[in-house]
Amino acid sequence: MLSSRCSECGSVKSSFFDKTPISSRHQMLSTTNEPPEDAELAVLRDSASTTNARLAVLEEGIAELRERLKQLQSEKSALNALQEENTAILSPIRRVPPEILAEIFSWTLPGPHEAFALAGEKAKHSPWILGHICGRWRAIALSVPSLWSLIHVAGRTSVDPLPMLRTQVARARALKIHFVGFEPDSDSDSDDDDSNESRSTTQLELFDFLAEHSTRWEELNIVITSFMVPHFAALCGRLPSLKRLWIQWAREDMQNQDTVDVTRCFQTACSLVDVGVFKDGPHTMLPLLPAQQITSYRVDTSWEIHVPVLKLAPNIVEARIFVLDYSELDSWPDASIELPHLQRLYTSFHKVLDFIRAPALTEIALTMETVDDPQDTLSNFFARSSCTPRRLCVEGTPVPGVTAEMLNKHPCITSLTLLIDEDNSVDESVDIFNRHLTMLTVDDVGPVVSPHLHEIRFGVVGPTFPNDSDYSLFIKMLQSRRAPGSSCALADVLFLTYDSPTFDSATLSAMDALREDGLNLVVRSGNTAEVRWAIKRFVYRVPWIY
């Protein structure tokens, strides 16, 4: 017998193996074209017959093994599928309570900037995609109206189809509207006129539909075009729930009457407390708003418009006062603006403080340029207000010496924020950063600058720091304020940058050592919504939709 079967698996196995050595003559014949001799033919034919028989046995065994392998693979696939089902059934996510899942879902919603970038593909993203995972997720997503509250309508991108908007409004309860109106370019090519008109018409249809549900509006963040102005009349008396209003004009040359027509509908918004106006070109809408109930005021306009509104708004808690023309303040008569509840204040020009009294102030942010020295203004403001702010933020092009004197003169300030904005070049930004680090570093030569500082925050908005930037001054400053026996109170440090800084291994090791020593050192980088919003909050900016 040439073969037998395995008693365990049934496969064919060899009963012998032909170990007959191959002669040198056979090797010679196989490597040349010489014919075999007649006496050799019988031996060669016998070898060929034996080999064929052996090959047949092997082919049979291989075929049976292949069939057996196929059966095993089929069984494995079935078991894998069953295991996947069991894993899914036993998954902890199935036992997460609906209210926890709803909270998780809320964290998947895109922010305003991301939502506009995703225009035209909303069905692929949250909250829409949540309804395509499983029946339970869909039921939970549909049962949470807040997941559907934030509505984005983009201007220059493809607009939302009305049926999709109707569905979202039906699923929501309170509505937060982010609407970027499209204003066609007046000098655009005539070939685009039809498409521009169609896009504007479609957007007006969407706005009119949303206006039908204005009683549910809680937030309106809008870029207004001249085409939209007549459509605001339908909102009069229909904004009882509106709490937040952020307005930007698509064009700065809009007529005063346009802004009056728009603003009239907000005069009776009895819940309105948060107002933001960016590039208030016509300068006529603010006095028409219900100023007495406003608690958050973030406005870019002339000082002439700011004054009467602020005088009528004693309940403001947070204010960003951006003055478009600083020269107004040089000749402005003495005026006292009482803001007894104001806690957080940003002003684009320190002279604004000469006209304000804010006894409850805890945080102040200033734009400072190289020629500015706001020390006297700041001291007089603190004395007049009898306030003791604990947090100071400076942005622009501040001088380290001026910053140091302000800190030393007002020991109530325990938190310093240095915001390097986009108006500075790379070299200027690095210089501002390094000189302030040197100023804050403790050495054996001069007095310690503001040893009472508990928190230091850095924000880099504009120019990218070079990849080979030397952060040794940053580490040296931190180490000097955390050294054993130091009188400094530094406990928290935050570094935010749109760029992703390249820290060498020595810097990273030093950071880890400082953290192990108890310093709360946080570095966040990248042009992300989290970083952008955190930096904007330094100076109480409105998170504008574009």
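As the structure is a computational prediction, the values presented were derived from the model and not from experiment.

What counts as what
Within each chain, residue numbers correspond to sequence positions counted from 1 in written order. Restriction of local features to residues with pLDDT of at least 70 applies here, the model being predicted, together with a cutoff of 80 or more for giving and counting side-chain atom pairs; totals for whole chains, interfaces and linings are based on all residues. Side-chain measures here rest on the full set of heavy atoms in the structure, leaving out hydrogens and waters. Segments assigned H or I by DSSP are reported as helices when at least four residues long, segments assigned E as strands when at least two residues long, and all are numbered from the N terminus. Using a 1.4 Å probe on the protein chains alone, a residue whose accessible area is under 20% of its type maximum counts as buried, one over 50% counts as exposed, and one in between counts as partly exposed. In this description, contact between two residues means that some pair of their heavy atoms is separated by no more than 4.5 Å. Using the Shrake-Rupley algorithm and a 1.4 Å probe, accessible areas are obtained, with residue cover drawn only from the displayed protein chains. UniProt positions are given in the numbering used here, feature names are shortened, and annotations may be inferred rather than shown by experiment. Note that a disulfide, as used here, is simply two cysteine sulfur atoms within 2.5 Å. Under the pairing criterion, centres of Phe, Tyr and Trp rings, with the six-membered ring standing for Trp, must be within 6.5 Å; the plane angle then separates stacked pairs below 30 degrees from edge-to-face pairs above 60, leaving the rest tilted. Strand pairing requires that DSSP identify at least two bridges connecting the strands. By convention, a crossover is right-handed whenever its connection, traced from the first strand over the helix to the second and viewed with the strands pointing away, goes clockwise. Definition used for salt bridges: Asp or Glu carboxyl oxygen within 4 Å of a side-chain nitrogen of Lys or Arg. Patch building starts from residues that exceed 30% relative accessible area and form no salt bridge, then joins like charges within 9 Å and nonpolar side chains (Val, Leu, Ile, Met, Phe, Trp, Tyr) within 5 Å. Buried Ala, Val, Leu, Ile, Met, Phe, Trp, Tyr and Cys residues form a nonpolar core when they are joined through side-chain atoms within 4.5 Å. On a scale of 0 to 100, pLDDT captures the predictor's confidence in every residue. Axis definition: a line fitted to C-alpha atoms, limited for helices to the stretch in contact. Angles are taken between N-to-C directions and run from 0 to 180 degrees. Any angle from 65 to 115 degrees is called roughly perpendicular, while one under 35 is roughly parallel, one over 145 is roughly antiparallel, and all others are oblique. Note on residue categories: nonpolar means Ala, Val, Leu, Ile, Met, Phe, Trp, Tyr, Cys or Pro, charged means Asp, Glu, Lys or Arg, and polar means any other residue, Gly included.

Notes on the overall build of the chain
Phase 1 of the analysis: Along the backbone of the chain there are 16 helices and 18 strands.
Phase 2 of the analysis: Out of the 546 residues belonging to the chain, those deemed buried represent 43%.
Phase 3 of the analysis: Long-range contacts, defined here as pairs at least 24 residues apart, represent 68% of the contacts in the chain between residues at least 6 apart.
Phase 4 of the analysis: Put simply, the chain shows about 27700 Å² of open surface, and 54% of that area lies on carbon and sulfur atoms.

Structural notes on the UniProt feature "coiled-coil region" (unreviewed entry) in the chain
Phase 1 of the analysis: Following the UniProt record, one finds the feature "coiled-coil region" (unreviewed entry) at residues 48–85.
Phase 2 of the analysis: Measuring from the first to the last C-alpha atom of residues 48–85 gives 55 Å, for a span that is 100% helix and 0% strand.

Concerning the state of the cysteines
Phase 1 of the analysis: For the structure shown, the criterion picks out zero disulfides.
Phase 2 of the analysis: You can see Cys265 has no disulfide; the closest cysteine sulfur is in Cys236, sitting 5.4 Å from it.

Observations regarding the packing of aromatic side chains
Phase 1 of the analysis: Summed over all chains, the structure comprises 17 aromatic pairs.
Phase 2 of the analysis: Geometrically, the ring pair formed by Phe458 and Phe474 is edge-to-face, given 5.9 Å between the ring centres and 80 degrees between the ring planes. Pair noted here: Phe458 is in strand S16 (residues 455–460) and Phe474 is in helix H14 (residues 472–482), with a separation of 16 residues, a long-range link.
Phase 3 of the analysis: Where Phe474 meets Phe495, the ring centres are 5.7 Å apart and the plane angle is 50 degrees; that geometry is what we call tilted. A residue pair is termed long-range when its members are at least 10 positions apart, and Phe474 in helix H14 and Phe495 in strand S17 (residues 492–497) qualify at 21 residues.
Phase 4 of the analysis: When its relative accessible area of 1% is taken as the criterion, Phe474 is described as buried.

Here's the deal with the pairing of strand S18 (residues 520–525)
Phase 1 of the analysis: Pairing between S17 and S18: six bridges, direction parallel. When the bridges of S18 are listed, Leu494 appears paired with Val522.
Phase 2 of the analysis: Since S17 and S18 lie parallel, the crossover through helix H15 (residues 505–516) that links them has a hand, and here it is right-handed.

Description of the pattern of salt bridges
Phase 1 of the analysis: Across all of its chains, the model carries twelve salt bridges by this definition.
Phase 2 of the analysis: Here Arg357 ties to Glu338 by a salt bridge, and the two come within 3.2 Å at their closest N and O atoms. Note that Arg357 is positioned in strand S12 (residues 356–357) and Glu338 in strand S10 (residues 337–338), a separation of 19 residues in sequence.
Phase 3 of the analysis: Relative accessible area serves as the criterion here: at 38%, Glu338 is assigned to the partly exposed category.
Phase 4 of the analysis: For the salt bridge of Asp517 with Arg482, the shortest nitrogen-to-oxygen distance reads 3.5 Å. Here Arg482 lies in helix H14 and Asp517 lies in the loop between H15 and S18, a separation of 35 residues in the sequence.
Phase 5 of the analysis: Using a relative accessible area of 44% as the deciding quantity, one classes Asp517 as partly exposed.
Phase 6 of the analysis: We classify Arg482 as partly exposed; its relative accessible area is 22%.
Phase 7 of the analysis: Bridged by salt links that share partners, the residues Glu219, Arg244, Asp274, Arg298, Glu318 and Arg344 form one connected network.

What about unusual backbone geometry?
Phase 1 of the analysis: In this structure, the amide linkage connecting Ser126 to the following residue, Pro127, adopts the cis form with an omega of 5 degrees.
Phase 2 of the analysis: If you check the backbone angles, Ser386 has positive phi at about 55 degrees while not being a glycine.
Phase 3 of the analysis: Tracing the backbone shows Ser386 in the loop between helix H11 (375–385) and strand S14 (391–396).
Phase 4 of the analysis: The phi dihedral of Ser450 is positive, around 45 degrees, even though this residue is not glycine.
Phase 5 of the analysis: With respect to the helices and strands, the residue Ser450 is situated in the loop between helix H13 (426–440) and S16.

Considerations on the environment of Thr388
Phase 1 of the analysis: For Thr388, the position within the fold is in the loop between H11 and S14.
Phase 2 of the analysis: Accessibility expressed as a relative area gives 59% for Thr388, which makes it exposed.
Phase 3 of the analysis: Counting along the chain gives 24 residues from Thr388 to Cys412, while the straight-line C-alpha distance between them is 5.7 Å.
Phase 4 of the analysis: Apart from residues no more than four positions distant in its own chain, Thr388 is found in contact with Leu361 and Cys412.

So, a nonpolar patch on the surface
Phase 1 of the analysis: On the surface, Leu55, Leu58 and Ile62 cluster together into a nonpolar patch covering about 240 Å² of accessible area.
Phase 2 of the analysis: Along the polypeptide, Leu55 turns up in helix H2 (residues 38–90).

Focus: the nonpolar core
Phase 1 of the analysis: Core analysis: the biggest nonpolar cluster contains 115 residues, and Phe266 and Phe474 have the highest contact counts within it.
Phase 2 of the analysis: Looking at this core element by element, the count peaks at six residues for helix H7 (residues 193–211).
Phase 3 of the analysis: Apart from the residues lying within four places of it in its own chain, the contact partners of Phe474 are Phe433, Leu437, Phe458, Val493, Met511 and Leu521.
Phase 4 of the analysis: Cys393, Val461, Leu496 and Val531 belong to the second-largest nonpolar core, a separate cluster that totals ten residues.

Here's the deal with the confidence of the model for the chain
Phase 1 of the analysis: With 84% of its residues at a pLDDT of at least 70, the chain reaches an overall mean of 84.
Phase 2 of the analysis: Under a pLDDT of 50 for its full length, residues 14–20 has, in the predicted model, ten contacts with residues more than four places off or in other chains.

Side note on the packing of helix H3 (residues 98–106) against helix H5 (residues 135–143)
Phase 1 of the analysis: Where H3 meets H5, the closest approach of the two axes is 10 Å, and the angle between their N-to-C directions is 75 degrees. Between H3 and H5, the angle is such that the two are roughly perpendicular. On H5, the residues that touch Pro98, Leu101, Ala102 and Phe105 of H3 are Arg136, Trp137, Ile140 and Ala141.
Phase 2 of the analysis: For the contact of H3 with H5, a count of residues per class yields seven nonpolar, no polar and one charged.

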